[in-house]
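Take a look at the letters that make up each chain.
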Amino acid sequence: MSAILEIRNLRKRYADGTLALKDVSLRVHRGEFVAVIGPSGAGKSTLLRCINRLVEPSGGSIIVNGVDAVKASGRQIRRLRREVGMIFQQFNLVERVTVLRNVLHGRLGYRNPIAGALGLFSRQEIEEAKNILRRLGLHEQMYKRADELSGGQQQRVGIARALSQKPLIILADEPIASLDPATSETIMQILSAICREDGITCLVNLHQVDVAKRYADRIIGIRQGTVVFDGPPEALDDKAVGKVYGP
Amino acid sequence: MSMEVDWAPAGAARQTGRTETPARRRRDPVLTGAAIFGAVFFVFGLIHLNFDYGQLWKGTLAFVRSWAYLFPPNAAEWQPILAAALETLYVAVVGTVLAVAVAFVLAFFAAENVAPKTAPLVKGFVSLLRAVPTLVWALIFIVAVGMGPLPGILAIFTHAVGMLTKMFAQSIEEVDEGVLEALRATGAGWLQVMLQGVLPCVATSFLAWSVFRLEVDIGESTILGVVGAGGIGWEMANAMRNYEFDTASFVGMVIFAMVYSVEFATNRLKNRIRLRG
Amino acid sequence: MKRSGQLLEDLQKRKKRQIWLAAAGIVLITAWSARETDFSVVSVVRGFGEIVRFIGQDFFPPDFSAFRSLIGPAVDTICISFVAMVVGAVLSLLLSFFAAATTSPYRWLQASVRAVCSVLRNIPALIWALLLVAAYGLGTLVGTLALILTSVGTLTRAYAEILEEIDMGQVEAVRATGASWPQVIAHAVLPQFFPGFVGWSLYKLELNMRASTLIGMVGGGGLGFSIQKGLKLFQFQEVCVAILMVIVLVLTTEFITGKLRERLI
């Protein structure tokens with residue numbers, strides 16, 4: 001199997017001096033569904049944001065599909081980002097525009113700067129966005145304003161936005177932390193089903209170990225900026241959990 | 001009942017006056033200092049201005065007597081006066097609309113969260129535009145381009161750009177950081193993030209500020225004429241200079257009617273904007 | 001099922017159409033206004049060079065030797081706006097009790113006080129100064145009076161609105177103790193009233209500071225008079241100093257009142 005994402009000796013120190021990532025190395029293969037677990041402040045969010053350069057890494061390398069993301073500049077970052085979809089804890093939709101428009105935002109990286117800025121999308125892109133919404137069961141909500149939707153529905157729109165990018169990788173940063181348990185279950189089912197069907201590689205930050213064990217092919221445990229566990233869910237026993245979350 | 005209980009200790013503390021009780025809230029020394037300074041400065045101001053109080057009395061009598069001249073208002077010259085009133089509106093509209101357009105662009109370079117590099121520079125620049133009153137701008141522009149509506153429009157435009165850019169930028173700075181991050185993560189460029197992500201969030205407040213500014217500018221526009229920058233202020237200054245008090249009172253009524261109806265209309269507009277949320 | 005989606009889509013389209021219509025309306029009104037005032041981009045562009053040349057060459061460098069002679073007018077300006085604010089606030093304080101629906105003894109009184117204040121507020125200070133000069137003669141008195149009038153107009157309404165938002169539960173409670181009207185005011189109304197009162201007064205001080213620099217232009221004294229005079233005598237570099245002083249005064253007032261307001265909350 002080929003590695004679609006290879007991280008070597010990744011380090012990140014923030015301007016205020018905190019060392020968020022000490023020395024992270026890992027390989028993710030095409031189509032893997034990986035859960036990243038760890039206590040809050042361990043560096044999970046920073047790790048994900050380094051991959052699409054929302055956070056500037058301080059050192060190391062991140063090879064995404066053969067291209068080094070750390071060395072990418074300007075235009076290359078845009079190209080990288082459009083191949084990497086992202087889903088957020090707070091959904092981060094533009095609440096005052098329609099659901100359909102929020103999904104179309106996933107196409108911005110493909111449009112030329114002016115057309116995209118003016119919100120001009122091709123008929124084909126709009127059709128595809130509608131199909132994605134239909135697939136996620138949001139067809140009826142298409143023309144509603146995003147803030148009229150429930151939390152679970154908003155997160156589905158967030159997934160739809162990432163899908164419309166036709167991404168190789170999806171990064172999900174605590175996608176269910178703001179949702180109730182039942183909705184969380186639905187969202188995780190949708191996310192894992194879609195990634196498997198479309199062969200999308202997925203990295204999910206989670207803080208619920210049980211959810212990670214049920215959905216992931218592989219679990220990576222992070223503590224204080226370093227990888228302390230990396231293996232299949234079966235291998236994550238109580239002792240390993242203790243290593244990740246500490247005494 | 002509980003209300004009374006809440007109230008009693010506070011009232012008691014107040015009635016006991018100077019005796020310090022633990023329940024009494026401590027006063028902020030800076031505010032107390034400011035209050036004392038204010039009182040002293042008020043007395044100083046009165047002494048410094050050295051009003052002739054005899055004149056105050058005589059003037060008031062004269063002013064009251066002049067009311068007789070104010071009535072009945074002389075509407076004989078209603079045509080040029082109404083034309084001047086319209087010109088006042090035109091000047092305000094052109095100046096404000098242009099200012100909204102320019103401030104709309106400038107604001108994206110003045111907001112810390114989306115343009116940290118240019119923000120301090122643009123903010124400093126617009127605060128200078130804002131600090132010079134519209135009328136002073138009008139005087140400067142009159143010397144530069146001559147009398148008429150043009151210096152009035154430019155003056156309103158300049159001051160309004162200063163104020164609107166600040167307000168628009170503040171609205172942009174309130175946009176949720178997560179939304180910006182989400183759009184950047186799709187690979188969207190700066191312009192795309194601004195127009196697709198920021199603009200929908202700030203559109204309502206931009207609109208509300210623009211309407212508010214139009215209201216203020218119509219008020220400003222009425223006085224620009226006094227220094228010769230076109231509009232109804234000129235008619236007022238003229239009438240007073242010629243001691244045509246009855247004409248002046250008619251002009252005053254027109255100004256009042258104009259500003260009042262604008263206040264009324266914009267209040268309704270603002271309510272509608274708020275309803276749309 | 002399908003129809004509700006269709007309905008929403010239609011609604012979206014109609015909303016879009018409304019926005020375009022409103023935008024077109026604004027453009028039309030603006031174009032008409034521009035036509036009526038002979039405003040054209042050409043004249044602005046042509047004028048722009050002249051403006052830049054004028055400000056760049058005639059205004060700069062500022063003639064700071066004029067600074068000393070401008071200190072007097074500047075102090076006048078500060079005093080005028082401050083005294084007018086204080087007097088205006090005191091008068092408004094009295095009037096606002098008659099202008100608020102909750103405290104006014106008679107309805108007709110409330111309506112008439114509000115009407116008078118509306119007139120005071122909606123006629124700009126400069127116009128008031130113009131009206132008053134005829135009766136009081138030139139000088140700082142006219143400027144102060146004009147600002148007092150607009151202060152009363154603005155502050156009475158503002159205070160009255162604060163009064164109307166006061167929690168009547170507390171007022172009831174005090175009244176229930178058998179307190180007289182002045183006692184009710186002192187113990188139940190004023191404590192709730194105070195922060196808004198100070199906030200609005202400070203805001204009016206800012207407005208007065210801006211306005212008082214102008215009132216001089218029609219003979220109300222202060223920096224405005226110096227600016228007007230300097231422009232008439234073509235002493236632009238002195239005017240530049242006066243304008244710089246206006247900027248400093250306005251920004252300083254804004255800064256101080258802002259800091260005080262922060263402390264109030």
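The structure this text deals with has already been given above.
All of these numbers come straight from a predicted model, not from anything done at the bench. (Residues numbered from 1 in each chain as written. Chains lettered and ligands numbered in written order. Predicted model: local features only at pLDDT ≥ 70, side-chain atom pairs only at ≥ 80, totals over all residues. Heavy atoms only, no water.)

Caption draft 1: Spotlight on the overall build of chain A. Scanning chain A for helices and strands turns up nine helices and ten strands. Over its C-alpha trace chain A gives a radius of gyration of 18 Å, about what one expects of a compact globule, namely 18 Å for 247 residues. Dimensions of chain A along its principal axes, counting C-alpha atoms only, are 50 × 40 × 40 Å. Out of the 247 residues in chain A, the part that is buried amounts to 56%. When contacts within chain A are restricted to residue pairs at least 6 apart in sequence, long-range pairs at least 24 apart make up 70% of them. In chain A, which carries 36 positive and 26 negative side-chain charges, the distance between the mean positions of the two groups comes to 6 Å. (Helix = DSSP H or I, 4+ residues; strand = E, 2+ residues; numbered from the N terminus. Rg over C-alpha atoms; globule rule 2.2 N^0.38 Å. Buried < 20%, exposed > 50% of the residue type's maximum accessible area, 1.4 Å probe, protein only. Contact = heavy atoms within 4.5 Å. Lys, Arg positive; Asp, Glu negative; His and termini not counted. Charge placed at Lys NZ, Arg CZ, Asp CG, Glu CD.)

Caption draft 2: View of a nonpolar patch on the surface. Judged by side-chain polarity, A:Ile114, A:Leu118, A:Leu120, B:Val105, B:Phe109, B:Trp190 and B:Leu191 come together as a nonpolar surface patch covering roughly 640 Å² of accessible area. Its place among the elements puts B:Phe109 in helix H4 (residues 78-110). Take B:Phe109: its relative accessible area is 34%, and that puts it in the partly exposed class. (Patch = residues over 30% accessible without salt bridge, like charges linked within 9 Å, V, L, I, M, F, W, Y side chains within 5 Å. Areas by Shrake-Rupley, 256 points an atom, 1.4 Å probe, with all protein chains shown as cover. Salt bridge = Lys/Arg side-chain N within 4 Å of Asp/Glu carboxyl O.)

Caption draft 3: Quick peek at the side chain of A:Glu174. All names here are of chain A. Structurally, the position occupied by Glu-174 is in the loop between strand E7 (169-173) and helix H7 (181-198). Looking at Glu-174, its side chain comes within polar contact range of the side chain of His-207, at 3.0 Å. In this view, Glu-174 contacts Lys-44, Gln-89, Asn-205, Leu-206 and His-207; residues no more than four positions away in its chain are not counted. (Polar contact = N/O pair within 3.5 Å; in protein donor to acceptor, adjacent residues only side chain to side chain.)

Caption draft 4: Quick peek at the interface of chain B and chain C. Each partner contributes to the interface: chain B provides 67 residues, whereas chain C provides 73 residues. Where chain B meets chain C, there are two salt bridges. Across the pair C:Arg121 and B:Glu263 runs a salt bridge, and its minimum N-O distance is 3.5 Å. Joining chain B to chain C, the criterion identifies five residue pairs in polar contact (both at pLDDT 80 or more).

Caption draft 5: Highlighting the interface of chain B and chain A. With 22 residues of chain B at the interface, the matching set in chain A holds 30 residues. Each partner contributes to the roughly 2000 Å² buried at the junction of chain B and chain A, and carbon and sulfur atoms together form 56% of this total. Counting the surface chain B buries against chain A, the share from its top three residues, B:Thr186, B:Gln192 and B:Gln196, is 32%. For the pair chain B and chain A, the interface holds one salt bridge. Ionic pairing is found between A:Arg49 and B:Glu181, a salt bridge with its closest N-O pair at 2.5 Å. The interface formed by chain B and chain A contains twelve residue pairs in polar contact (both at pLDDT 80 or more). Looking at the side of chain B that touches chain A, the elements with two or more residues in it are helix H8 (177-185) and helix H9 (190-224) of chain B. (Buried area = accessible area lost by both parts, 1.4 Å probe.)

Caption draft 6: Here's a closer look at the sheet that holds strand E8 (residues 201-206) of chain A. Residue and element names in this part refer to chain A. An order of E6-E7-E8-E3-E9-E10 is seen for the six strands of this open sheet, with the pairing classed as mixed. The open sheet is flanked by strand E6 (84-87) and strand E10 (226-231), the only strands paired with a single partner. Shown here is a sheet whose adjacent strand axes are inclined to one another by a mean of 20 degrees, direction ignored. Together, strand E3 (33-37), E6, E7 and E8 form the strand contacts of H7, whose direction differs from that of E3 by roughly 140 degrees. (Pairing = 2+ DSSP bridges. Axes fitted to C-alpha atoms, helices over the stretch in contact; angles between N-to-C directions.)

Caption draft 7: Representation of the packing of aromatic side chains within the structure. Within the structure shown, the criterion is met by 18 aromatic pairs over all chains. Ring geometry for B:Phe41 versus C:Phe82: centroids 5.1 Å apart, planes at 80 degrees, classification edge-to-face. Of this pair, B:Phe41 sits in helix H2 (residues 29-49) while C:Phe82 sits in helix H3 (residues 67-99), on two different chains. Members of the aromatic cluster, joined through ring pairs, are B:Phe37, B:Phe41, B:Phe44 and C:Phe82. The ring centre of A:Tyr14 lies 4.9 Å from the NZ or CZ of A:Lys12, which sits over that ring. The ring of A:Phe33 has A:Arg196 sitting right over it, with the charged end atom 5.5 Å from the ring centre. (Phe/Tyr/Trp six-rings, centres within 6.5 Å; stacked < 30°, edge-to-face > 60°. Lys NZ or Arg CZ within 6 Å of the ring centre and 35° of its normal.)

Caption draft 8: Quick peek at the pattern of salt bridges. All names here are of chain A. This structure, assessed with the given rule, holds 29 salt bridges over all chains. Taking the shortest distance from any N to any O, the salt bridge between Glu-185 and Arg-214 comes out at 2.5 Å. Within this pair, whereas Glu-185 is found in helix H7, its partner Arg-214 is found in helix H8 (residues 209-215), the two being separated by 29 residues in sequence. Taking relative accessible area as the criterion, Arg-214 reaches 49% and is therefore assigned partly exposed. Each of Glu-6, Arg-8 and Arg-27 takes part in one network of salt bridges that share partners.

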